[in-house]
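Spelled out, the chains give:
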Amino acid sequence: MQTTHKVQGSDAGKYASYLTSTSERGDYYIDPDDEEGEGAAGEWHGNPAVLASLGLSADRPVDTGRLAELVQQTAVKDSKLVLVGDSAQLSPIGAGGLFNHVTDCAPTAELTEVHRAENQWEREAWAQVREGNATAALAAYQAHERLHIAETREQAAEKMVADWNEQRLENPEGRTVMLTDSSNEELDRLNTQAQEYRDLAGELGNDRAELPDAPYQLAAGDHVIFTKPLFQPGGQARVENGTLGTVKDIQDQNKLTIDTHGANERELSVNTREFKDLRLGYAQHVYKAQGLTTNTAFALIGGWQTDRERSYVALTRAREQTNIYVSKENLGTQNMNSEAIERLAEKMQQSNAQEASITRDTTPNLSLGQTAEATPETAPDLDPEIG
């Protein structure tokens, strides 16, 4: 009797953490944080009948190199490969586009009904963004007072953080997140403002720990996110990139204790002189937010980075409501809001999804009168046994 082994290749830290904490961890594993690709190789054990479950709608979708490695290993072991993903979301940091090509060539099952959003109008708006009809989607968000237009990017950001603070105070049990598709510098500013609101509310401790290269310090009560894996001594499972946590207490200027959230919850001691890859987690970049589900989301978009894929991820994180914040400054207009919305729609409809090179036509361009057929003078000699 054949045994089916689960092979996990979900290229995101928080999913890897889940796999590590359960018996579902398989015999073959793609390291989500091996940026050199060395972690793509793994060992296969047991029966060659293998079910490979590959999550592509996660923190960082699997790039072509790692996907090709998994496909190759599947073929070698005469196995079955099951891919799960969403090509409408963000492409991987490395070369991508292969998943979309595979879905055009192989048998597929498609999920068409949205369950995350509670409101029917928002489900429809998500589908419109996905299909490239951002104009209709933005009209719906404006009609429900979820689209906020400011004069400058700074004003839009301040409005978003203020609304985030009001929402979390009104509903302390609900999960909220702010999102941006812009720079790390903007992310730091948003997190600093959010931290100040919490500090003024008396929600943070008085002691502070330094975080090298960050424009803020950490306090007991702060929400944080790991931006790289933290390896643990004694063979313990590492803390994965993307893990969320709460600072429990501060021991001194560089030492703190963090309680992690998620499938593998634990208490960690961190020395920020030895490990500095932490960030306040009130606001996140859309890349980090892939796979995230929250109650309420606040999305600051409209800059040069905004496109269909980033907008789709930003707008589809929340169950209850998503609020959009943009500025006329970013959109290059000082006129009526209607023009700003029109320009935002143009950005949101522009797709920058990667395409696999295999989908491109490689037929050489021929000048007038030429054909692709070989002439007798240029036709190669064929081996009789082959020809």
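Residues numbered from 1 in each chain as written. Predicted model: local features only at pLDDT ≥ 70, side-chain atom pairs only at ≥ 80, totals over all residues. Heavy atoms only, no water.

**Re the packing of aromatic side chains**
Okay, so step 1: Counted by the stated rule, this structure contains four aromatic pairs.
Okay, so step 2: A centroid spacing of 5.1 Å and a plane angle of 80° characterise the contact between Trp121 and Tyr141, whose relative ring orientation is edge-to-face. You can see Trp121 sitting in helix α4 (residues 120–131) and its partner Tyr141 sitting in helix α5 (residues 134–143), a full 20 residues away along the chain. Pair check on accessibility: Trp121 and Tyr141 agree, each one buried.
Okay, so step 3: Measuring from centroid to centroid gives 6.0 Å for Phe226 and Phe275, while their planes differ by 40°, and the two rings are tilted. (Phe/Tyr/Trp six-rings, centres within 6.5 Å; stacked < 30°, edge-to-face > 60°. Helix = DSSP H or I, 4+ residues; strand = E, 2+ residues; numbered from the N terminus. Buried < 20%, exposed > 50% of the residue type's maximum accessible area, 1.4 Å probe, protein only.)

**A few points about the pairing of strand β9 (residues 244–250)**
Okay, so step 1: When strand β8 (residues 223–226) meets β9, the two strands line up antiparallel, connected through three bridges. Bridging from a neighbouring strand, Val224 pairs with Gly245 of β9.
Okay, so step 2: Pairing analysis gives five bridges linking β9 to strand β10 (residues 255–260), with the strands arranged antiparallel. Along β10, the bridge assignment pairs Val247 with Ile258.
Okay, so step 3: Remark: four residues form the turn of the hairpin made by β9 and β10, two consecutive strands paired antiparallel. (Pairing = 2+ DSSP bridges.)

**Details of the sheet that holds strand β12 (residues 278–280)**
Okay, so step 1: Taking strand neighbours across the sheet as the criterion, the five strands line up as β11-β10-β9-β8-β12 in an open arrangement whose pairing is antiparallel. Edge positions in the open sheet fall to β11 (267–271) and β12, since each of these has one partner strand only. When the angles between neighbouring strand axes are averaged without regard to direction, this sheet yields 40°.
Okay, so step 2: Bridge analysis of β10 against β11 gives five bridges, and the strand direction is antiparallel. The residue of β11 that forms the bridge with Lys255 is Asn271.
Okay, so step 3: Contacting β8 and β12, helix α7 (residues 184–200) crosses the sheet at an angle of about 60° to β12. (Axes fitted to C-alpha atoms, helices over the stretch in contact; angles between N-to-C directions. Contact = heavy atoms within 4.5 Å.)

**Here we look at the sheet that holds strand β5 (residues 176–180)**
Okay, so step 1: Ordered by their spatial adjacency, five strands build an open sheet running β4-β15-β14-β5-β13, and the pairing between neighbours is parallel. Each end of this open sheet is capped by a strand with a single partner; those strands are β4 (147–150) and β13 (283–285). Pairwise comparison of adjacent strand axes, ignoring direction, gives a mean angle of 25° for this sheet.
Okay, so step 2: Of the pairings in the sheet, the one linking strand β14 (residues 294–300) to strand β15 (residues 318–327) comprises six bridges and is parallel in character.

**Focus: the pattern of salt bridges**
Okay, so step 1: Under the definition given, this model contains 14 salt bridges.
Okay, so step 2: Among the salt bridges present, the one from Lys328 reaches Glu151, with a minimum N-O distance of 3.5 Å. In this pair, Lys328 is assigned in helix α10 (residues 328–331) and Glu151 in the loop between β4 and α6 (153–170), connecting sequence segments 177 residues apart.
Okay, so step 3: Classification of Glu151 by relative accessible area gives partly exposed; the value is 37%.
Okay, so step 4: With a shortest N-O distance of 3.0 Å, Arg168 and Glu203 are connected by a salt bridge. (Salt bridge = Lys/Arg side-chain N within 4 Å of Asp/Glu carboxyl O.)

**A closer look at α6**
Okay, so step 1: With 18 residues, α6 should cover 26 Å at 1.5 Å per step; its first-to-last C-alpha distance of 26 Å lies within 8% of that length.
Okay, so step 2: Listing the buried residues of α6 in full gives Arg153, Ala156, Ala157, Met160, Val161, Asp163, Trp164, Asn165, Gln167 and Arg168.
Okay, so step 3: Residues of α6 that are buried make contact with β4, β5, α7, β14, β15 and α10. (Expected span 1.5 Å × (residues − 1).)

**A short note on the pairing of β14**
Along any regular strand the residues' side chains alternate between the sheet's two faces.
Okay, so step 1: A large share of β14 lies buried, amounting to seven of its seven residues.
Okay, so step 2: The parallel pair β14 and β15, bridged by helix α9 (residues 308–315), forms a crossover whose chirality is right-handed. (Right-handed = clockwise from strand over helix to strand, strands pointing away.)

**Remarks on the environment of Ile258**
Okay, so step 1: Relative to the helices and strands, Ile258 resides in strand β10.
Okay, so step 2: For the pair Ile258 and Ser269, spaced 11 residues apart in the sequence, the C-alpha separation amounts to 6.5 Å.
Okay, so step 3: Every residue in contact with Ile258, bar those within four places of it in the chain, is listed here: Val224, Phe226, Gly245, Thr246, Val247, Lys248, Arg266, Glu267, Leu268, Val270 and Leu278.

**A word on the packing of α4 against α5**
Okay, so step 1: Two numbers describe how α4 lies on α5: the axes approach to 7 Å, and their chain directions differ by 155°. When the axes of α4 and α5 are compared, the pair comes out roughly antiparallel. Handedness of the α4/α5 crossing: left-handed. Note on element contacts: α5 touches α4 through Ala134, Ala136, Ala137, Ala140 and Tyr141, opposite Trp121, Glu122, Ala125, Trp126, Gln128 and Val129.
Okay, so step 2: Of the residues in the contact of α4 with α5, the class split is nine nonpolar, one polar and one charged. (Parallel < 35°, antiparallel > 145°, perpendicular 65-115°, else oblique. Left-handed = near helix turned anticlockwise from the far one by under 90°. Nonpolar A, V, L, I, M, F, W, Y, C, P; charged D, E, K, R; others polar.)

**With respect to the nonpolar core**
Okay, so step 1: Residues Met178, Leu218, Phe226, Leu256, Ile258, Val270 and Leu278 are the most contacted members of the largest nonpolar core, which totals 34 residues.
Okay, so step 2: In terms of residue count, the dominant contributor to this core is α6 (five residues).
Okay, so step 3: Leaving out residues up to four positions away in the same chain, Val270 has contacts with Leu230, Asn254, Lys255, Leu256, Ile258, Phe275 and Leu278.
Okay, so step 4: Counting residues in each nonpolar core, the second largest holds 32 residues, with Leu292, Leu315, Leu331 and Ala345 among its members. (Core = buried A, V, L, I, M, F, W, Y, C linked by side-chain atoms within 4.5 Å.)

**Concerning the packing of α5 against helix α11 (residues 337–349)**
When two helices pack together, their arrangement is given by the angle between the helix axes and the distance between those axes.
Okay, so step 1: Packing of α5 against α11 leaves a shortest axis separation of 8 Å and a crossing angle of 130°. Here α5 lies oblique to α11, going by the angle between them. Pair α5 / α11 crosses with right-handed handedness. Contact with α5, carried on its side by Ala134, Thr135, Leu138 and Gln142, involves Ile341, Leu344, Ala345, Met348 and Gln349 of α11 and no other residues of that element.

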